[in-house]
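# A structural walkthrough
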Amino acid sequence: REKLKTGQIPITPPPTSPAIQHRLWPEVDRLVKQQVAMARMGIGECGTGWQLFAEDGEMKMYRREEEVDGMVVDPLKAVHVVKGITGHEVCDYFFNPKYRYDWETTLEHMTVLETISDDTLVFLQTHKRIWPASQRDVVFWSHMRKLPNDQDRDGPDIWTVVNNSTESPEHPANVGKCVRIYLTVCLLCQTRVHPPKDGAPITRNNVSCKITYCSVVNPGGWAPASVLRAVYKREYPKFLKRFTSYVINQTKNKPLMF
Ligand code: 6CM
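Reference entry: report on the structure contained in this document. (Residues numbered from 1 in each chain as written. Predicted model: local features only at pLDDT ≥ 70, side-chain atom pairs only at ≥ 80, totals over all residues. Heavy atoms only, no water.)

## Section: the environment of Phe258
- Along the chain, Phe258 falls in the segment after helix H4 (225–251).
- What makes Phe258 partly exposed here is its relative accessible area of 40%.
- Along the primary structure Phe258 and Leu228 are separated by 30 residues, whereas in three dimensions their C-alpha atoms are 37 Å apart.
- Apart from the residues lying within four places of it in its own chain, the contact partners of Phe258 are Thr86, His88, Pro156, Trp159, Thr191, Val193, Ile202 and Val207. (Helix = DSSP H or I, 4+ residues; strand = E, 2+ residues; numbered from the N terminus. Buried < 20%, exposed > 50% of the residue type's maximum accessible area, 1.4 Å probe, protein only. Contact = heavy atoms within 4.5 Å.)

This is the structure in structure tokens:
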């Protein structure tokens, strides 16, 4: 087991996870630890220059303007608190390919290129073209993980999904009509339980989920900065609101999944 300092969350998966045999595993494990540590930081703790660009009820979205070789790669950090759903449910709907067309409005086509294990998949996705830029595609691994809640040992586990670009020799970048984008995304979900005072059983009315969503997308090729920033400003709030409403709708008549 890894050595922990006080207050640190253990994030080493069980040694029996079949994914640890895979060539991508060292990268998956390293990125998940790094992304979770960054997602757990408050906006004040992760450097300067963060601007609040969208707010709606409990949802707050921040971005930091950054460019690499003239291309916009603005990091985004969003926090939201949603009633009636758990972190495990939110991560399951985000990770599981069978739900993706239901909530991902920018998606044109999705293929699972490789199933590394139940919790680790490699995806190829094409996204809808946004005028005047070329259409984009992306190849990324996606990993879902349960993190023990060491700050409240009796509380529900914390769940995360990390997506990170990778290469696929069968699907090389920039050979067809699509420009390859490169992304790192982390969804971190913490369930809060507000137990009924009369000791009644916990229902959906007694839970809420604190969601942190962080992303960095490199558009991979020419895209006008002003259009790209306008697209992000419109699409990210739309995504988080639509996705969380979808999870609420899908789970409302199902038993809670912690
Ligand atoms: O994280 C999100 N979705 C995941 C599952 O699909 C995954 C994939 C993200 C791909 C995001 C691509 C957005 C489209 C970017 C277009 C860029 C270039 C266009 C040029 C315009 C001038 O992580 C939710 C992603 C929500 C995105 C709004």
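## A look at unusual backbone geometry
- Following Trp131, the chain continues into Pro132 via a peptide bond in cis, with omega recorded as 5°.
- As for its placement among the helices and strands, Pro132 is situated in the loop between strand E7 (120–127) and strand E8 (136–147).
- A positive phi angle, close to 50°, is found at Asp69, a residue other than glycine.
- Summarising the element assignment, Asp69 is placed in the loop between strand E3 (67–68) and strand E4 (71–72).

## With respect to the packing of aromatic side chains
- The full count for this structure, using the stated rule, is 13 aromatic pairs.
- The interplanar angle of 40° and the centroid separation of 4.3 Å between the aromatic rings of Tyr93 and Tyr99 together place this pair among those described as tilted. We note that Tyr93, like Tyr99, is buried.
- Ring-pair connections join several aromatic residues into one group, and the members of that group are Phe94, Trp103, Tyr213, Tyr232, Tyr236, Phe239 and Phe243. (Phe/Tyr/Trp six-rings, centres within 6.5 Å; stacked < 30°, edge-to-face > 60°.)

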